[in-house]
Amino acid sequence: MNPFHSTPSAPSASAPSTSTTARRTLLGFALSIPTVVVAGCSFGSGEAGAAGAGGASGGSSAGGTYALGLAEPDSTINPFTVSDWNAMFVVGLVSEGLITQDGKGGLVPRLATAWEVSGDDLTWTITLREGATFNDGTAVTADDVVATFTTITGADSLSPGASAFKDVLATVAPGPGPGTVEFHLARPYSDFPVLLTGSNTTILPAGTSEQADWKADPVGAGQFLLTEYTPGQGVRFTKNPRYWDAGNVLLDELHVKFYADAQAQLLAFQAGEVDQVAADPTVLRTLGAEVKQSAPGYTKFDGIFLDVTVAPFTDVRVRQAIAWALDRDAIVATVYGRNATVANDALYFPDYAVQPGGLTQRRADTAKVAELLGGRRVSFTITTVDTLQTLAEVVQQQLNATGSFDVQLSVLPSAQYYADGADTPWLSAPATITNWARRLPSQYVSQLFATGAAWNASKYSNPQLEQLSAQYDATTDPGQRQDLADRIAAIEWNDVAVVVPAFASSRLVLAQDVEADFASGQDFSGGFDFRHVRLS
């Protein structure tokens, strides 16, 4: 399992899995709203078809019923432990975190209204939103926040979100004032509020277990209520009237429909069954360039990870040659449909506040490749997941076209690529392509490159890199942060433990009757925010 693969700009290209779930639990959920679960009911019946292509289900009331497609979650759904993006989507519509990020990376208050750091930079105090409640009507309290983060970061935690707080968060406790929480840090971390936008950080009532089947009691403080989950078909949501900003949730209902693959989702969009589809190259070629699209936010990168302990990647010149062989502009155009930005092998998303300087932008340079390899022809196999097959094939073609490489591909289904165990391919194969969700630059250092990091597919570590990253975390001085970012990026660029061709965005094609745009990409860092969206 890869706990950090996430949100795809294009579910067809990067959704963690399209496999069917191993668990098929029929769900009944009732708070104050009477709910009937009908086994075998059709999510297409009585709502779609009449709208035609580009308009799923306008609905008769103010905001209408919005419909979208997902692959069916392939894991048990529990907000603490979920790692499948499709399951995160289902959870995210019902739950709410303290802070989220907008499409440009800015912080957005949600259940928290303010945050400030102490003079020694070791305590962050969060002020909770007054009057916010869970969907059962109970208040969201400091105790709930403390319990949530205690569970996530506990010694026995099963949460993928725990890694973000390792060696950063020491303790969490109710604050001195009403509705406040104090996060006590093990070391200064100037970007700490960004960590609160991470996966598995939505607030749950104290006493909630990470072993519970959340679908049996889908509690949360989010914008919608889960009213029906039909295995194999989809999920129905209704507006949560108790949501703290319910006035700006204009949709009456939201229907998630399960589809086997991206092609099925495209056909559903053309048939008017859903109101959105990922704007991948196939969709844009099929629908044309004049379709209505959402504004993007950066969501992920697809990295080429090279195991520096295994030949030929023990030789840094080979790794550099691979990086210089890629035509990144062509990759952005053909693989991402231009919904991406060319990257340069340093892990700083374009919307991050500090951008490293002083690096030469790598572009395809056959002469440079030949010089680095000294006339050698290098052979290896890239292992990847089927959702990244298109990128893998383009990379293979570009490398082999230089005449300096003989690259083969091994493309695996998601369940096999992310299988549990020490020999899981995405962590043990010498060369892999894996997607990673947007993170802070220092998170990538600690989770991908640090000594002993659990997800270090490259087996690369560099004490100097770790020291510089810790210094970066500790300082708020703009000049020092810029200098440290320059030095960190230079090491990543030179050592090339991972080749990063592009940073991908989350652009969607929308039905013509969708009004307003999304405040962020549809992912956990954006909180799956549907406020202000309605159907005409």
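Cut-off values and rules
- Residues numbered from 1 in each chain as written.
- Predicted model: local features only at pLDDT ≥ 70, side-chain atom pairs only at ≥ 80, totals over all residues.
- Heavy atoms only, no water.
- Helix = DSSP H or I, 4+ residues; strand = E, 2+ residues; numbered from the N terminus.
- Buried < 20%, exposed > 50% of the residue type's maximum accessible area, 1.4 Å probe, protein only.
- Contact = heavy atoms within 4.5 Å.
- Areas by Shrake-Rupley, 256 points an atom, 1.4 Å probe, with all protein chains shown as cover.
- Pairing = 2+ DSSP bridges.
- Axes fitted to C-alpha atoms, helices over the stretch in contact; angles between N-to-C directions.
- Right-handed = clockwise from strand over helix to strand, strands pointing away.
- 1 Å grid on protein atoms, 1.4 Å probe; cavity = no way out; pocket = protein on both sides within 12 Å on 5 of 7 lines; lining within 4 Å.
- Points joined across faces, edges and corners; volume = space filled by probe spheres on them.
- Nonpolar A, V, L, I, M, F, W, Y, C, P; charged D, E, K, R; others polar.
- Salt bridge = Lys/Arg side-chain N within 4 Å of Asp/Glu carboxyl O.
- Domains from an automatic or database assignment.
- Parallel < 35°, antiparallel > 145°, perpendicular 65-115°, else oblique.
- Phe/Tyr/Trp six-rings, centres within 6.5 Å; stacked < 30°, edge-to-face > 60°.
- Lys NZ or Arg CZ within 6 Å of the ring centre and 35° of its normal.
- Arc of directions from axis to C-beta.
- Polar contact = N/O pair within 3.5 Å; in protein donor to acceptor, adjacent residues only side chain to side chain.
- pLDDT = per-residue confidence, 0-100.
- Expected span 1.5 Å × (residues − 1).

The name recorded for the protein chain in an unreviewed UniProt entry is Peptide/nickel transport system substrate-binding protein, from Kineococcus aurantiacus.

**Points about the overall build of the protein chain**
A tally of helices and strands in the protein chain yields 15 helices and 22 strands. Across the 536 residues in the protein chain, those meeting the buried criterion constitute 58%. Partitioning the intrachain contacts of the protein chain with sequence separation of at least 6 by distance along the chain shows that 71% fall at a separation of at least 24. A total of about 19,100 Å² of accessible surface is found on the protein chain, and carbon and sulfur atoms cover 51% of it.

**What to know about the sheet that holds strand S8 (residues 224–230)**
An order of S1-S10-S9-S8 is seen for the four strands of this open sheet, with the pairing classed as mixed. Each of the sheet's edge strands pairs with one partner strand only, and the pair in question is strand S1 (65–70) and S8. On average, each strand axis in the sheet is inclined to that of its neighbour by 20°, with strand direction left out of account.

**Some remarks on the pairing of strand S15 (residues 378–385)**
Of all eight residues in S15, six are buried, a share of seventy percent or more. Between S15 and its parallel partner strand S16 (residues 405–412), the chain crosses via helix H10 (residues 389–401), and the hand of that crossover is right-handed. When S15 meets strand S17 (residues 431–437), the two strands line up parallel, connected through two bridges. Across the sheet, residue Thr384 finds its bridge partner in S17, namely Ile433.

**A closer look at the layout of surface pockets**
The space that makes up the largest pocket amounts to roughly 670 Å³. Around the largest pocket sit 28 residues that line it, and Ser163, Lys166, Ser446, Gln447 and Ala454 are the ones nearest its centre. Counting only elements with at least two residues in the lining of the largest pocket, the list comes to helix H13 (441–449) and helix H14 (463–474). A total of five residues in the lining of the largest pocket trace back to one element, the largest contributor, which is H13. Here the residues of the lining of the largest pocket are counted per class, giving 14 nonpolar, nine polar and five charged.

**Focus: the pattern of salt bridges**
Using the criterion set out here, one finds 17 salt bridges in the structure. Lys459 serves as the salt-bridge partner of Asp307, at 3.9 Å between the closest nitrogen and oxygen. Taken together, the positions of Asp307 in the loop between strand S13 (298–306) and helix H7 (316–325) and Lys459 in the loop between H13 and H14 put the pair 152 residues apart, joining distant regions of the chain. When its relative accessible area of 4% is taken as the criterion, Asp307 is described as buried.

**Quick notes on empty space enclosed by the protein**
Counted under the stated rule, the structure contains eight cavities of 30 Å³ or more. Surrounding the largest cavity, 21 residues form its lining, Ser95, Gly198, Asn200, Thr202 and Phe524 being those nearest its centre. Here the lining of the largest cavity takes three residues from helix H2 (residues 85–94), the largest share from any one element. When we break the lining of the largest cavity down by domain, the ones giving at least three residues each are domain 1 (68–216) and domain 2 (225–296 + 506–535).

**With respect to the packing of H7 against helix H15 (residues 478–495)**
Viewed as axis vectors pointing N to C, H7 and H15 meet at an angle of 95°, and their least axial separation amounts to 8 Å. Here H7 is positioned roughly perpendicular relative to H15, judged by the angle of their axes. Facing H7, whose interface residues are Val316, Arg319, Gln320 and Trp324, H15 presents Trp493, Asn494 and Asp495.

**Observations regarding the packing of aromatic side chains**
By the definition in use, this model includes 26 aromatic pairs. Relative to Trp244, the ring of Tyr243 has its centre 5.4 Å away and its plane inclined at 45°; by these criteria the two rings are tilted. By relative accessible area, which is 4% here, Tyr243 ends up buried. Trp244 sits in the partly exposed class, given a relative accessible area of 25%. Pairwise contacts between aromatic rings join Tyr66, Trp85, Phe89, Phe224, Phe518, Phe528 and Phe530 into one cluster. Sitting over the ring of Trp244, Arg129 keeps its end group 3.5 Å from the ring centre. One cation-aromatic arrangement involves Arg362 over Trp493; the distance from NZ or CZ to the ring centre is 3.9 Å.

**A few points about the packing of H7 against helix H9 (residues 366–373)**
Look at H7 against H9: their axes get within 8 Å of each other, and the N-to-C directions meet at 170°. Judged by the inter-axis angle, H7 sits roughly antiparallel to H9. Residues Arg317, Val318, Gln320, Ala321, Trp324 and Ala325 of H7 touch H9, and the partners they reach there are Lys368, Val369, Leu372 and Leu373. Within the contact of H7 with H9, the residues separate by chemical class into seven nonpolar, one polar and two charged.

**Some words on the sheet that holds strand S20 (residues 508–510)**
Taken in spatial order, the three strands line up as S11-S20-S12 in an open sheet, and their pairing is antiparallel. Looking at the sheet topology across the chains shown, the edges are occupied by strand S11 (276–278) and strand S12 (292–293). On the sheet, helix H5 (residues 262–270) packs against S11 and S20 and is oriented at approximately 150° with respect to S11.

**What about the environment of Thr432?**
Tracing the sequence through the fold places Thr432 in strand S17. Taking the C-alpha atoms as reference, Thr432 lies 9.0 Å from Ser458; in sequence the two are 26 residues apart. Excluding residues within four positions of it along the chain, Thr432 makes contact with Gly303, Ile304, Phe305, Ile382, Thr383, Tyr417, Pro425 and Trp426.

**As for H9**
All of the buried residues along H9 are Val369, Leu372 and Leu373. All buried residues of H9 lie within an arc of 90° about the axis, which places them on one face of the element. Every exposed residue of H9 that faces more than 90 degrees away from the buried side is listed here: Ala367 and Glu371. For H9, the secondary structure elements touched by its buried residues are H7, S15 and S16. With a side-chain oxygen positioned 3.3 Å from the backbone nitrogen of Ala367, the residue opening H9 is Asp365. Once H9 ends, the next one or two residues include Gly374, with phi positive near 60°.

**As for the confidence of the model for the protein chain**
The predicted model of the protein chain has a mean per-residue pLDDT of 87, with 88% of residues at 70 or higher. Confidence drops under pLDDT 50 across residues 1–55; counting only partners more than four residues distant or on other chains, this segment forms 164 contacts.

**A word on H10**
At 3.6 residues per turn, the α-helix brings residues three or four places apart onto the same side. A rise of 1.5 Å per residue sets the reference length of H10, with its 13 residues, at 18 Å; its end C-alpha atoms lie 18 Å apart and thus fit the reference within 8%. Of all the positions in H10, only Leu391, Ala392, Val394, Val395, Gln396, Gln398 and Leu399 are classed as buried. Once H10 finishes, Gly403 follows within two positions and takes phi at roughly 80°, a positive value.

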